[in-house]
Amino acid sequence: MKDADYIAAFQQLLLPVAYEFQPQLVLVAAGFDAVIGDPKGGMAASPQCFSVLTHLLQGLAQGRVLLALEGGYNLQSTAEGACACLRSLLGDPCPRLAPPGAPCDR
């Protein structure tokens, strides 16, 4: 799974349900097993994708979003993903993603 897959899942599944639920706080188990370079996750999400996903979550709960680091098995990839999320929480603009193509058909 790549960036387009994660963003599509957020936009089509997670966010509609979350907006209907209207949470007062969003808690995220911020694992980075899905980031490019993680040997156990086998996924291919970019650190920039994590920034975009964090930005999308900030539309919920009046921006009250808490990320708790919980995983990732490649120190460099985990650090890049965590930094990308932190930049988003601090209000940096979303980075540009590589052209997404289509989500996978799985």
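Since the model is a prediction, treat every value here as computed from it, not as a measurement.

Check the secondary structure of the chain and you find three helices and two strands. Listing the helices and strands of the chain from first to last along the sequence gives α-β-α-β-α. In terms of overall dimensions, the chain is globule-like: its C-alpha atoms have a radius of gyration of 13 Å, near the 13 Å expected for 106 residues. Residues counted as buried form 35% of the 106 residues belonging to the chain. The averaged location of the 9 negative side-chain charges in the chain is 3 Å from the averaged location of its 6 positive side-chain charges.

What follows concerns the UniProt feature "domain: Histone deacetylase" (unreviewed entry) in the chain. Under the UniProt annotation, "domain: Histone deacetylase" (unreviewed entry) lies at residues 1-88. The distance separating the terminal C-alpha atoms of residues 1-88 is 22 Å; by composition the span is 50% helix and 15% strand.

Our next topic: the packing of aromatic side chains. Aromatic ring pairs are reported here in terms of the distance separating the ring centres and the angle at which the planes meet. Per the stated rule, a full pass over the model turns up one aromatic pair. Across the ring face of Y73, the terminal group of K40 is positioned such that the distance to the ring centre comes to 4.8 Å.

Here A61, not a glycine, exhibits a phi torsion of approximately 50°, which is positive. Mapped onto the elements, A61 comes out in the loop between helix 2 (47-57) and strand 2 (65-71). The backbone of Q62 sits at a positive phi, close to 55°, despite the residue not being glycine. Here Q62 shows up in the loop between helix 2 and strand 2.

A few words on helix 1 (residues 3-21). An ideal rise of 1.5 Å per residue puts 27 Å on 19 residues; helix 1 measures up with 25 Å between its terminal C-alpha atoms. At L14, helix 1 is deflected by roughly 40°, the largest bend along its length, and proline P16 occurs up to four residues later in sequence. Looking at the packing, one finds that the buried side of helix 1 touches helix 2. Directly after helix 1, the chain includes Q22, whose backbone phi takes a positive value near 55°.

All right, on to the nonpolar core then. Ranked by internal contacts, the top residues of the largest apolar core, which has 20 residues, are Y6, V26, F32, F50, L53, L57 and L60. Sorting the residues of this core by element identifies helix 1, strand 1 (26-31) and helix 2 as the ones contributing at least two each. Not counting the four nearest positions on each side in its chain, L60 is found in contact with L15, A18, Y19, P23 and V26.

Structurally, P93 can be placed in the segment after helix 3 (75-89). Taking the C-alpha atoms as reference points, P93 and S77, 16 residues apart in sequence, are found 21 Å from one another.

It is worth spelling out the pairing of strand 1 at this point. The pairing of strand 1 with strand 2 spans six bridges and is parallel. The residue bridging A29 from the neighbouring strand is A68, located in strand 2. One crossover worth recording links strand 1 to the parallel strand 2 by way of helix 2, and it is right-handed.

Thresholds applied
- Residues numbered from 1 in each chain as written.
- Predicted model: local features only at pLDDT ≥ 70, side-chain atom pairs only at ≥ 80, totals over all residues.
- Heavy atoms only, no water.
- Helix = DSSP H or I, 4+ residues; strand = E, 2+ residues; numbered from the N terminus.
- Rg over C-alpha atoms; globule rule 2.2 N^0.38 Å.
- Buried < 20%, exposed > 50% of the residue type's maximum accessible area, 1.4 Å probe, protein only.
- Lys, Arg positive; Asp, Glu negative; His and termini not counted.
- Charge placed at Lys NZ, Arg CZ, Asp CG, Glu CD.
- UniProt positions renumbered as here; feature names shortened; annotations may be inferred.
- Phe/Tyr/Trp six-rings, centres within 6.5 Å; stacked < 30°, edge-to-face > 60°.
- Lys NZ or Arg CZ within 6 Å of the ring centre and 35° of its normal.
- Expected span 1.5 Å × (residues − 1).
- Bend = angle between axes of the 7 residues up to and from the residue.
- Contact = heavy atoms within 4.5 Å.
- Core = buried A, V, L, I, M, F, W, Y, C linked by side-chain atoms within 4.5 Å.
- Pairing = 2+ DSSP bridges.
- Right-handed = clockwise from strand over helix to strand, strands pointing away.

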